[in-house]
Amino acid sequence: MSFKKIIEPLKDNLQKNGITQPNPLQTAILSKIKGGRSMFVIAPKNAGKTTSIVISVINKLKEAFEDAPRALIFVKDKEEALKLEEIFNTYKRGTDLRVYCAYEEHNMELQREELYLGTDIVIATPKRLNRIFYLNGINLNKLQMCIVEDAEFLFRNNNFAEVTRTPESISKCQYLVFSDKFDTRFERWQDSFMYLSETVEFSN
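Keep in mind it's a predicted model, so treat the numbers as computed, not measured. (Residues numbered from 1 in each chain as written. Predicted model: local features only at pLDDT ≥ 70, side-chain atom pairs only at ≥ 80, totals over all residues. Heavy atoms only, no water.)

**Q** Quick rundown of the pattern of salt bridges? Include the residues and the values.
**A** Under the definition given, this model contains eleven salt bridges. Salt-bridge contacts for R37 lead to E198; the nearest nitrogen and oxygen are separated by 2.5 Å. In this pair, R37 sits in the loop between helix 2 (24–34) and strand 1 (39–42) while E198 sits in strand 7 (residues 198–201), placing the two residues 161 residues apart along the sequence. A relative accessible area of 19% means that E198 is categorised as buried. Where salt bridges share partners, they join K32, R37 and E198 into one cluster. (Salt bridge = Lys/Arg side-chain N within 4 Å of Asp/Glu carboxyl O. Helix = DSSP H or I, 4+ residues; strand = E, 2+ residues; numbered from the N terminus. Buried < 20%, exposed > 50% of the residue type's maximum accessible area, 1.4 Å probe, protein only.)

Okay, here's the thing in structure tokens:
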């Protein structure tokens, strides 16, 4: 997918940040993501995985809509959540898309209240997302995209099990998992909610 096929505010923001055309990874995956394909994207660091996430989510959601989030992105910790939020804020300028971060180092009740006010994109640690969900603090019924950034963190601190619970609450959704390498434990997801997924392995 060329950048000609993305919404104008996003294209303008990419150009302002020196990105005028897709890199090789983005050329391989952006059109498939736009088409709704669930994917495991295996690529080394600095291949453009995070930028691919941001481009795909902004281009699909386009503008604010109702209150329930339509994209959920799992990250390792607060630092990664805030870093990703900053990237989204850079590239969503000119749209009214709302981004919210949920992580352990924040007051639970305040997070529930803030989510209730409405958001389009939630960036969350797995444990905090599940705690908020089981307290009826977030509606996942409108999710269109469920994404894991830098999935290596899943295999520590029970994060894999926490993320695996989420699809049980979602009817139909596109799943995207970005990782430096394919772990055999991903095969469990291929056998359940990602059984129609494609694996794209990319090397520089």
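Don't stop here, the text continues.
**Q** Account for helix 4 (residues 78–91), naming residues and giving values.
**A** Helix length check: helix 4, at 14 residues, gives a terminal C-alpha distance of 20 Å against a target of 20 Å (1.5 Å per residue), a fit within 8%. For helix 4, the full list of buried residues reads E80, A81, L84, F88, T90 and Y91. Lining the buried residues of helix 4 we find helix 1 (8–16), helix 3 (49–61), strand 2 (71–74), strand 3 (99–102) and strand 4 (121–124). The N-capping residue of helix 4, defined by a side-chain oxygen 3.3 Å from the backbone nitrogen of E79, is D77. (Expected span 1.5 Å × (residues − 1). Contact = heavy atoms within 4.5 Å. Polar contact = N/O pair within 3.5 Å; in protein donor to acceptor, adjacent residues only side chain to side chain.)

**Q** An account of the nonpolar core is needed here, citing residue identities and associated values.
**A** A general feature of soluble globular proteins is that nonpolar side chains tend to end up buried together. Counting 37 residues, the largest nonpolar core has V57, I73, F88, I121 and I123 as the members making the most contacts within it. When residues of this core are assigned to their parent elements, the largest contribution, six residues, is made by helix 3. Leaving out residues up to four positions away in the same chain, F88 has contacts with V54, V57, I58, I73, V99, I121 and I123. (Core = buried A, V, L, I, M, F, W, Y, C linked by side-chain atoms within 4.5 Å.)

**Q** Break down the sheet that holds strand 3 for me, with residues and values.
**A** Taken in spatial order, the seven strands make up an open sheet running 3-4-2-5-6-1-7, and their pairing is parallel. Because the sheet does not close on itself, it has two edges, and the strands there are strand 3 and strand 7. Averaged over all neighbouring strand pairs, the angle between strand axes comes to 15 degrees, with direction disregarded. Of the strands in this sheet, strand 3 and strand 4 touch helix 5 (residues 108–116), which is tilted by about 160 degrees from strand 3. Set on the sheet, helix 6 (residues 126–134) makes contact with strand 2, strand 3 and strand 4; between it and strand 2 the angle comes to about 135 degrees. (Pairing = 2+ DSSP bridges. Axes fitted to C-alpha atoms, helices over the stretch in contact; angles between N-to-C directions.)

**Q** Describe the pairing of strand 4, listing the residues and the values that go with them.
**A** Residues I121 and I123 of strand 4 are buried on one face, and the alternating residues V122 and A124, pointing to the opposite face, are buried as well. Across four bridges, the pairing between strand 2 and strand 4 is parallel. From the neighbouring strand, I73 faces strand 4, where its bridge partner is I123. Pairing of strand 3 with strand 4 involves four bridges; the strand directions are parallel. Bridge pairing in strand 4 places A102 opposite A124. The parallel pair strand 3 and strand 4 is bridged by helix 5, and the resulting crossover is right-handed. (Right-handed = clockwise from strand over helix to strand, strands pointing away.)

**Q** Residues and numbers for the packing of aromatic side chains, please.
**A** The relative placement of two aromatic rings is captured by the distance of their centres and the angle of their planes. Within this structure, the stated rule accounts for ten aromatic pairs. With 4.8 Å between their ring centres and 55 degrees between their planes, Y175 and F193 make a pair best called tilted. With Y175 in strand 6 (residues 174–179) and F193 in the loop between helix 8 (186–190) and strand 7, the pair connects residues that are 18 residues apart, well separated along the chain. With relative accessibility at 7%, the residue Y175 sits in the buried group. (Phe/Tyr/Trp six-rings, centres within 6.5 Å; stacked < 30°, edge-to-face > 60°.)

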